[in-house]
Amino acid sequence: MGNAVASARITDVNLQQARPVLHVETRQADTQRILFVTSEIADLVKVGGLGDVSAALPRALAQHHDVRVLIPGYRQVLDSGHPIRVVGEVGGHAALPACRIGRMDLPDGLIVYVLLSPELYEREGGPYGDTQLRDWPDNHIRFARLGLAAAEIAATNAGMAWQPDLVHANDWPAGLAPAYMAWRGLKTPSVFTVHNLAYQGLCDLHCSPELGLPASASSPESMEFYGKLSFMKAGLAHASHITTVSRTYAREITSETFGCGLEGLLKHKAIRGQLSGITNGIDESWDPQHDAHLVAGFSPRDLAGKRANARYVEQLFALDADDGPLFAVVSRLVQQKGIDLTLQVAERIVAGGGRLAVIGRGEAELEQAMRELAARHPGRIGVQIGFNETDARRMYAGSDFLLMPSRFEPCGLSQMYAQRFGSLPIARRTGGLADTIEDGVSGFLFDQANADSYLEAISRALKVFRHPALLSAMRCQAMSAPLYWRQSARPYDQLYRDLIGVSKPVQLAMRRASR
Ligand code: ADP
Ligand code: GLC
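All values reported here derive from a predicted model rather than from experimental measurement. (Residues numbered from 1 in each chain as written. Chains lettered and ligands numbered in written order. Predicted model: local features only at pLDDT ≥ 70, side-chain atom pairs only at ≥ 80, totals over all residues. Heavy atoms only, no water.)

(A) Inspection of the sheet that holds strand β16 (residues 381–385) at higher detail. Strand order in this open sheet of six strands is β16-β15-β14-β17-β18-β19, and the pairing throughout is parallel. Looking at which strands have only one partner, the edges of the open sheet turn out to be β16 and β19 (444–446). Averaged over all adjacent pairs, the angle separating strand axes in this sheet is 15°, with direction ignored. Alignment of strand β15 (residues 355–362) against β16, held across five bridges, turns out to be parallel. Bridged to A357 within β16 is G382. Strand contacts of helix α13 (residues 339–351): β14 (326–333), β15, β16 and β17 (401–404), with the helix running at about 165° to β14, the strand carrying the most contacts. Relative to the sheet, helix α18 (residues 451–465) contacts β14, β17, β18 (424–428) and β19, its axis offset from that of β19 by approximately 160°. (Pairing = 2+ DSSP bridges. Helix = DSSP H or I, 4+ residues; strand = E, 2+ residues; numbered from the N terminus. Axes fitted to C-alpha atoms, helices over the stretch in contact; angles between N-to-C directions. Contact = heavy atoms within 4.5 Å.)

(B) Highlighting the sheet that holds strand β9 (residues 202–204). Here we have three strands laid out as an open sheet, ordered β9-β11-β10, and antiparallel in their pairing. Both edges of this open sheet fall to β9 and β10 (224–225), since each of them pairs with a single strand only. Here three bridges tie β9 to strand β11 (residues 228–230), and the two strands are oriented antiparallel to one another. Note on β11: the bridge partner recorded for L202 is S230. Where helix α9 (residues 231–238) meets the sheet, its contacts fall on β9, β10 and β11, and the angle it forms with β11 comes to roughly 55°.

(C) Seen up close, the pattern of salt bridges. According to the stated counting rule, one finds 30 salt bridges in the structure shown. Ionic pairing is found between E124 and R75, a salt bridge with its closest N-O pair at 2.9 Å. Taken together, the positions of E124 in the loop between α5 (118–121) and α6 (139–154) and R75 in helix α4 (residues 75–78) put the pair 49 residues apart, joining distant regions of the chain. For R75, a relative accessible area of 19% corresponds to the buried category. (Salt bridge = Lys/Arg side-chain N within 4 Å of Asp/Glu carboxyl O. Buried < 20%, exposed > 50% of the residue type's maximum accessible area, 1.4 Å probe, protein only.)

(D) Molecular detail of α13. The terminal C-alpha atoms of α13, which comprises 13 residues, lie 19 Å apart, in line with the 18 Å expected from a rise of 1.5 Å per residue. Along α13, the positions that sit buried rather than exposed are I339, L341, T342, V345, A346, I349 and V350. The inward-facing, buried residues of α13 abut β14, β15, α14 (364–376), β16, β17 and α18. Positioned one or two residues after α13, G353 has a phi angle of 90°, which is positive. (Expected span 1.5 Å × (residues − 1).)

(E) Representation of α9. When you tally the buried positions in α9, you get seven out of eight residues, the bulk of the element. By the burial criterion, the buried members of α9 are F231, M232, K233, A234, G235, L236 and A237. The residue sitting at the N-terminus of α9 and contributing the capping side-chain oxygen is S230; that oxygen lies 3.4 Å from the backbone nitrogen of M232. (Polar contact = N/O pair within 3.5 Å; in protein donor to acceptor, adjacent residues only side chain to side chain.)

Next up, the structure:
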């Protein structure tokens with residue numbers, strides 16, 4: 001039923017007619033064409049911060065470059081209501097089926113290429129798993145298909161009128177894009193961005209024939225990883241350059257503690273200048289005065305709207321409406337996020353007069369532990385197991401403090417959203433949290449992943465809460481912290497130019513020959 005509705009919005013065009021239209025003549029001399037390959041984009045489908053970055057970064061770069069996004073045609077994408085026109089196709093390869101490529105123009109002009117394969121992508125569930133968050137068993141096929149489609153587009157094998165000067169692949173689902181590009185001998189440079197090294201996209205070595213990999217893929221120099229095939233390692237090993245999403249995390253992942261077994265390779269890349277950290281930003285839609293999701297807008301000078309959002313949160317979570325500090329958790333409920341630490345300190349927050357609202361979903365045991373915690377503290381702790389963008393934004397807006405005791409955090413966006421909305425993050429000094437929170441100025445940082453260290457930061461926060469002038473000064477600092485993509489887009493722009501500059505003569509020669 002969903003398939004039929006979705007398919008009705010897809011229109012075929014004559015691929016031969018589409019082929020000769022080349023943008024190369026009309027674009028400005030320094031505008032580069034970038035294919036941004038991702039498994040989430042917040043406009044259409046979002047699981048976490050990768051979705052936000054994939055929506056924001058291509059747009060932030062649009063004033064400099066022609067950035068287009070490639071994403072699998074999940075049911076949510078097809079059902080989004082935006083028309084899709086077929087503009088290309090890629091042939092089958094080993095067990096990867098042939099696919100059509102659709103083009104979707106989002107209302108603000110962002111162009112999204114949608115990889116159309118009903119058998120791989122049109123399913124009830126999320127990008128990576130079913131409604132119970134269990135991984136799809138054929139994820140290696142689904143995402144190898146994504147990577148190979150990107151390589152085919154770059155190789156001008158997709159019958160499309162547009163070819164990228166550079167392919168920017170994100171996280172393990174796109175990890176095979178730089179690899180297939182390298183195996184095909186393409187000169188087009190590639191950037192591989194690590195958003196989270198802990199998710200590696202592993203499959204058995206014997207899957208190699210299904211993915212049509214060359215024999216060399218199974219070597220440790222390529223994507224072999226402790227007797228498995230790692231999509232993450234494929235991206236790291238074969239991309240022209242690796243970035244990750246904060247400067248601190250770029251350092252951390254070269255160590256054994258954070259490197260997830262890939263620290264040797266990453267250290268080697270860092271020494272050769274092929275690994276850099278570019279801290280994420282947040283997009284301009286995170287505006288406390290004008291965000292349409294909020295119950296009411298507000299600014300540092302007029303916080304009445306912030307209180308209105310707090311009232312909403314109190315009602316939603318059945319919390320007592322008193323003057324105590326309101327703490328929020330907006331998070332995937334997984335080990336990474338230190339949720340167990342919050343479970344340990346929650347009763348102390350309540351004892352200190354605080355209230356706690358939690359929204360999230362993830363590991364079953366953590367979900368259950370959160371439910372039980374709320375049941376023990378009616379009126380003081382409320383928990384919603386689920387995912388809701390509007391409620392999340394109202395929680396950032398309504399809360400006084402956001403809890404983010406992550407064990408590791410490649411960048412983290414929630415702490416930036418919280419700051420923008422005047423909620424002071426209490427976070428562990430790791431990864432992007434260390435880079436985007438100024439301890440005692442725009443939030444509170446603590447060092448050790450244990451309850452004592454966490455409680456020390458919480459007690460500092462409670463002291464500030466009892467001094468309205470101090471609280472308001474910190475809120476002002478947080479709300480005006482310079483965290484927008486404007487800053488973060490510049491280093492990507494420079495990186496693209498540097499990489500394309502190196503291989504430009506070859507690229508241009510090839511293109512002229514094909515006109
Ligand atoms: P990660 O990508 O590791 O989950 P980030 O902080 O980078 O962490 O991004 C998380 C994103 O997901 C933020 O946009 C946050 O608001 C959103 N988010 C997390 N959990 C929920 C939820 N339960 N409901 C709505 N949004 C959520
Ligand atoms: C990952 C990381 C998170 C980061 C996000 C976007 O999901 O866990 O820290 O902010 O990607 O880059």
